[in-house]
Amino acid sequence: MRRKSASGDYPPAPRDVSGDAAQNIGPGGGIDRAAGGHGLAVAAGERAAPWPMPAADLTGGAVPGPVPAAVPAAPETGRGGARGRHRGATRRRVVVGAAASGLGALAATGLAKLLGGPRPATPSDALVLFGAPGSFGDRAGDTQLATVGVAGWGFGPGQAAYMSTVTSDGTVFTATTPFSDNQAQPTGTGMELAVFEPASVSFTRLVIPSSTGRTELPRAETRFRGVGGADVADVAVIGAGPDERVMFVSAMPYFGWDTAVYGELPTLGQIRRPARGGSWRYDPAHSWTTDQLAATAPPETSGRAFPREARGEPRSPRGPAAISKLPASGHLVIAQYFGAGSLGTEQGALLVVDTAGRVRASWQYPETHVFGIPVVVSPREVVADPTSRAGDERFVLISDCRTADNRVVSFPIQEFSYAAGTGSRAAGRITPRSLPVRAAVDNSRMETACFDGNGTLYVARTRADGLRAATLAVYPKIGSERGLVSRTPTVDGWPAQSWGALNPPEYFVAGTGEGGLIRSIVFDPASGAVVLAGLDGTVQVIRPSGQGRHMTFVVGRPVDIGLRGLRGPSTRYIGVRRGAVDAHRGVMWLPVNQLVLDAIPWPYPPFKLDQWLMRVDLRAVLP
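I will try to describe carefully the structure that is included in this document.

Parameters at a glance
- Residues numbered from 1 in each chain as written.
- Predicted model: local features only at pLDDT ≥ 70, side-chain atom pairs only at ≥ 80, totals over all residues.
- Heavy atoms only, no water.
- Helix = DSSP H or I, 4+ residues; strand = E, 2+ residues; numbered from the N terminus.
- Areas by Shrake-Rupley, 256 points an atom, 1.4 Å probe, with all protein chains shown as cover.
- Salt bridge = Lys/Arg side-chain N within 4 Å of Asp/Glu carboxyl O.
- Buried < 20%, exposed > 50% of the residue type's maximum accessible area, 1.4 Å probe, protein only.
- Phe/Tyr/Trp six-rings, centres within 6.5 Å; stacked < 30°, edge-to-face > 60°.
- Lys NZ or Arg CZ within 6 Å of the ring centre and 35° of its normal.
- Pairing = 2+ DSSP bridges.
- Axes fitted to C-alpha atoms, helices over the stretch in contact; angles between N-to-C directions.
- 1 Å grid on protein atoms, 1.4 Å probe; cavity = no way out; pocket = protein on both sides within 12 Å on 5 of 7 lines; lining within 4 Å.
- Points joined across faces, edges and corners; volume = space filled by probe spheres on them.
- Nonpolar A, V, L, I, M, F, W, Y, C, P; charged D, E, K, R; others polar.
- Core = buried A, V, L, I, M, F, W, Y, C linked by side-chain atoms within 4.5 Å.
- Polar contact = N/O pair within 3.5 Å; in protein donor to acceptor, adjacent residues only side chain to side chain.
- Contact = heavy atoms within 4.5 Å.

The next thing to look at is the overall build of the protein chain. If you tally the helices and strands in the protein chain, you get 9 helices and 37 strands. A total accessible area of about 20300 Å² is found for the protein chain, and carbon and sulfur atoms account for 52% of it.

So, in structure tokens, the structure goes:
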């Protein structure tokens, strides 16, 4: 997105980087004026860096190729394919796609035509769409898609469905993002999550109050048309039994209101169920603002993780875009999307906190150059390896990347290690273990990822147009390491000499690169399947067998989930976001959101749009 930070703003947040049809997003997933992937977008007229570049591939051409994989990857199929007070990049800006025609134009021309191919059939009884009564458009009489109108269903003004998670009792929590799909451009007045309890078919709009009890926090200046509040960028379940909780982060918890009157919203929050059978509630005693988190760390660490960017304002959280629970320590690794003007950097960072709200570790992404060209790295997604052990807890990072003149640089994936240390004040350590790598020299981008129970890493990729999926890349754990580390370990000077190295996976899964950009990739531990959901409105299931160098894959046909019937006028965009698997009940829950994007010039007075939640019966769609 293209805008300057207004007084009182944090740097423009990059849009969510999981991308719905032809949009660009920042940490929150926002979409900008250019067609593109999911995340920061590149504004009209800006261009993607040519990959590969003549004489020098910016994404690592100077780095020797990795050792050949033990099992050759299947051939790729398909066509080749700081915050300071200055303008900041958002995920929307970084993701450039087909053309700078905007999302509305894409909806008008028809996403199905853009992506091409016939629409696959849907197994009967596999799909159920929940939402407000009367909100289902042409899908109300669809024999392949059941619809359930839920009394009281409704998101607040300016709030759209975003990332999701599910608790052990089957309750589904959905985060929220602005209609702009850009957390730096709020379209509501408060902070909220959606809570859906399938057993009772009940919906709760869980509004998060500020530190002074306010639930509406508009910015005072009339030019902002009454918008304010905050997003919820990601949600994750931690704990078990009576200690089970839902943690959430906000990329932009402050938007220039008077904190003496309106208070502050949490950067890291918790939701609990006090007693079995009771209601899920916000827990303010175990939720923290940026200033409260900063107070738990030594001054040097707090100054880096939560810098003071403007006098009289709360510390900057640097755009917490994603959260993942580390398996041994139970600590939470957080991707911080933005740089910091006060620190003189546009590079993002990584943060680890414990569930008591104490900062355990902080890591600043170093200044990066490819063939002497500076590259801005904005951490967008973190995913923890469930098989990693204490003292060496592994996670991967996917980042949005751009040059100083806003040309897109292929998004890499990088593996890290976390050691918790002892003590309670930032005693942990974050260490990069692999180089930031690409899977192929075709301008494709690492989009989103998940692990299975064996530590095998599945990476959904996006083609250079920012709209269509590339084939799924699979990096199995062989011995104690994946090929990310064994073939491309970190070396001295890697940020300037080896960034963006080529590291083909052991497997490219043929038949997975024919649809739209992947917005959701999740693992079902009950069946061992990996489930993809794309911006073209299809779900595809892959069933792996074996481990390490001896894996095979059964690829299901794409299932049409019926978004075309919901897609109405060209001024509205309807897409999906990250789903959540309820393995005990054999279902996946998939948020379906409706956005304005750039169809109405921002800012505009808050209003409501229908949002939905889809249940996918995994047993009915398994290949």
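The discussion continues.
Our next topic: the pattern of salt bridges. Opposite charge on two side chains makes pairing possible when the charged atoms of those side chains draw close. One pass over the structure, following the stated rule, counts 31 salt bridges. A salt bridge links Arg 219 to Glu 221, with the nearest nitrogen and oxygen atoms 3.2 Å apart. You can call Arg 219 buried: its relative accessible area is 3%. Between Arg 315 and Asp 291 there is a salt bridge, and its shortest N-O distance comes to 3.8 Å. Of the two residues, Arg 315 is situated in the loop between helix H6 (299–305) and strand S11 (320–325) and Asp 291 in helix H5 (residues 290–294); the sequence distance between them amounts to 24 residues. Among the residues examined, Asp 291 registers a relative accessible area of 26% and is labelled partly exposed. Taken together, the shared-partner salt bridges connect Asp 385, Arg 389, Asp 392, Arg 394, Glu 415, Arg 433, Lys 477, Glu 481 and Arg 482 into one network.

Moving on: the packing of aromatic side chains. A full pass over the atoms with the stated rule returns 20 aromatic pairs. Centroid distance Phe 173 to Trp 280: 5.3 Å. Interplanar angle 85 degrees. Geometry classified as edge-to-face. Within this pair, whereas Phe 173 is found in strand S4 (residues 172–178), its partner Trp 280 is found in the loop between strand S9 (268–272) and strand S10 (281–282), the two being separated by 107 residues in sequence. Judged by relative accessible area, Phe 173 falls into the buried class, the value being 0%. Overall, Trp 280 belongs to the buried group, its relative accessible area being 8%. Through a chain of ring-to-ring contacts, three or more aromatic side chains come together here, namely Phe 130, Trp 153, Phe 155, Phe 196, Phe 203 and Trp 589. The ring of Phe 255 is capped by Arg 219, whose NZ or CZ atom sits 4.9 Å from the centre of that ring. One cation-aromatic arrangement involves Arg 445 over Phe 411; the distance from NZ or CZ to the ring centre is 5.5 Å.

Either a parallel or an antiparallel arrangement is found when strands of a sheet pair, and the pairing is made through backbone hydrogen bonds. What the 4 strands build is an open sheet, ordered S3-S4-S5-S6; its pairing is antiparallel. This sheet does not close on itself; its edge strands, each paired only once, are strand S3 (159–166) and strand S6 (202–207). Neighbour-to-neighbour, the strand axes of this sheet turn through a mean angle of 25 degrees, independent of strand direction. With 6 bridges joining them, S3 and S4 adopt antiparallel strand pairing. From the neighbouring strand, Ser 164 faces S4, where its bridge partner is Thr 174.

This paragraph deals with the environment of Arg 360. Among the structural elements, Arg 360 can be located in strand S14 (residues 359–364). In the structure, Arg 360 is positioned 68 residues away from Gly 428 in sequence and 5.2 Å away in space, judged by C-alpha atoms.

In this structure, the largest pocket encloses a volume near 1200 Å³. Along its surface, the largest pocket is lined by 48 residues, and Thr 165, Ser 324, Val 383, Val 522 and Arg 578 are the ones closest to its centre. Mapped by element, the contributors of at least two residues to the lining of the largest pocket are S3, strand S7 (234–238), S11, strand S16 (373–384), strand S22 (445–451), strand S29 (518–524) and strand S35 (580–582). Looking at side-chain class alone, the lining of the largest pocket contains 26 nonpolar, 11 polar and 11 charged residues.

Okay, the nonpolar core next. By size, the foremost hydrophobic cluster in this structure holds 42 residues, and its most contacted members are Phe 395, Ile 413, Ile 430, Leu 457 and Trp 499. Listed in part, the 35 residues of the second largest apolar core include Ala 160, Met 163, Ala 230 and Tyr 573.

Read across the open sheet, the 4 strands follow the order S7-S8-S9-S10; overall the sheet is antiparallel. Taken across any chain shown, the strands that pair with only one partner, and hence form the sheet edges, are S7 and S10. Alignment of strand S8 (residues 245–249) against S9, held across 5 bridges, turns out to be antiparallel. Opposite Val 246, over in S9, you have Ile 271 as the bridge partner.

For the rest of this paragraph, the subject is the pairing of S8. Looking along a regular strand, one sees side chains alternate from face to face of the sheet. The buried fraction of S8 amounts to 5 of the 5 residues, a majority that puts the element mostly inside the structure. Along S8, one buried face is formed by Arg 245, Met 247 and Val 249 and the opposite face, lined by Val 246 and Phe 248, is buried too. Relative to S8, S7 runs antiparallel, the two sharing 5 bridges. Residue pairing in the sheet places Val 237 in a bridge with Val 246 of S8. Here S7 folds back onto S8, and the loop between the two strands holds 6 residues, one of which, Gly 239, carries a positive phi near 75 degrees.

Our focus in this paragraph is the side chain of Gln 594. Secondary-structure assignment places Gln 594 in strand S36 (residues 587–595). Accessibility expressed as a relative area gives 12% for Gln 594, which makes it buried. At a separation of 3.0 Å, a polar atom in the side chain of Gln 594 contacts the main-chain carbonyl oxygen of Asp 610. Sequence-distant contacts of Gln 594, that is, excluding residues within four places in its chain, are made with Ala 160, Phe 179, Arg 572, Tyr 573, Ile 574, Leu 609, Asp 610, Gln 611 and Trp 612.

Positionally, Arg 358 belongs in the loop between strand S13 (349–353) and S14. A sequence separation of 70 residues divides Arg 358 from Trp 288, and the C-alpha atoms of the two residues are 9.6 Å apart. Within the structure, the side chain of Arg 358 is placed 2.7 Å from the side chain of Asp 354, a separation counted as a polar contact.

Turning our attention to the pairing of strand S19 (residues 413–419). Burial analysis of S19 places 7 of its 7 residues in the buried class, which makes it a mostly covered element. Judged by which residues are buried, S19 turns out to be covered on both faces: Ile 413, Glu 415, Ser 417 and Ala 419 on one side and Gln 414, Phe 416 and Tyr 418 on the other are all buried. Looking at chain direction, strand S17 (residues 393–403) and S19 are connected through 6 bridges and run antiparallel. For Leu 397, the partnering residue across the bridge sits in S19 and is Gln 414. Note that S19 and strand S20 (residues 429–432) share 4 bridges and pair antiparallel. Looking at S20, one finds that Phe 416 is bridged to Pro 432.

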